[in-house]
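Listed below, chain by chain, are the residues.
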Amino acid sequence: MNAPALAILVRFGHAVRSKRLSLELTQEVLAEKAELHRTYIADIERGTRNVSLQNIEKLALALGCSLETLFADVEKGRK
């Protein structure tokens, strides 16, 4: 993967982790809410997993936010 692709994976992971921590959720609880595996959540937060749109929507719902809010947090990491 090229540098810009990796950069967005890392920014997305940071946004998910930040939102999860602000809600005081463990990776395990977030995984259960999103119907994903805990190691998948860990991979996302490390920026090593390229997440599908379906799973991004599951994450947003589990985090209690809109896709727009989640991606706004990703964009904040760009600056």
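This text gives an overview of the structure that appears in the document.

Rules and cut-offs
Residues numbered from 1 in each chain as written. Predicted model: local features only at pLDDT ≥ 70, side-chain atom pairs only at ≥ 80, totals over all residues. Heavy atoms only, no water. Phe/Tyr/Trp six-rings, centres within 6.5 Å; stacked < 30°, edge-to-face > 60°. Helix = DSSP H or I, 4+ residues; strand = E, 2+ residues; numbered from the N terminus. Buried < 20%, exposed > 50% of the residue type's maximum accessible area, 1.4 Å probe, protein only. Arc of directions from axis to C-beta. Salt bridge = Lys/Arg side-chain N within 4 Å of Asp/Glu carboxyl O.

### Points about the packing of aromatic side chains
Then step 1. On inspection of all chains with the given rule, the structure shows 1 aromatic pair.
Then step 2. Summarising the aromatic geometry, the rings of Phe12 and Phe71 are spaced 6.2 Å apart at their centres and angled 40° between planes, so their arrangement reads as tilted. One end of the pair, Phe12, is in helix H1 (residues 3-22); the other, Phe71, is in helix H5 (residues 67-76), with 59 residues separating them in the sequence.
Then step 3. Since its relative accessible area comes to 7%, Phe12 is described here as buried.

### Some details on the environment of Glu32
Then step 1. Tracing the backbone shows Glu32 in helix H2 (residues 27-34).
Then step 2. Sequence separation between Glu32 and Ala62 is 30 residues; the distance between their C-alpha atoms is 8.7 Å.

### Here we look at helix H4 (residues 53-62)
Then step 1. For H4, the complete set of buried residues consists of Asn55, Ile56, Leu59, Ala60 and Ala62. An end-on view of H4 places all buried positions within 165° of arc, on one side of the element. Exposed positions of H4 whose direction lies more than 90 degrees from the buried face are Leu53, Gln54 and Leu61.
Then step 2. Backbone geometry just downstream of H4 places Gly64 in the positive-phi region, at approximately 70°.

### A closer look at the pattern of salt bridges
Then step 1. Counted according to the given criterion, the structure contains 5 salt bridges.
Then step 2. Note that Arg11 is salt-bridged to Glu75, the shortest N-O span being 3.8 Å. Of the two residues, Arg11 sits in helix H1 while Glu75 sits in helix H5, which places them 64 residues apart along the sequence.
Then step 3. Classification of Arg11 as buried rests on a relative accessible area of 14%.
Then step 4. Between Lys76 and Asp73 there is a salt bridge, with its nearest N and O atoms 3.5 Å apart. Pair noted here: Lys76 and Asp73 are both in helix H5, with a separation of 3 residues, about one helical turn.
Then step 5. Lys76 sits in the exposed class, given a relative accessible area of 55%.
Then step 6. Note on Asp73: relative accessible area 24%, which makes it partly exposed.

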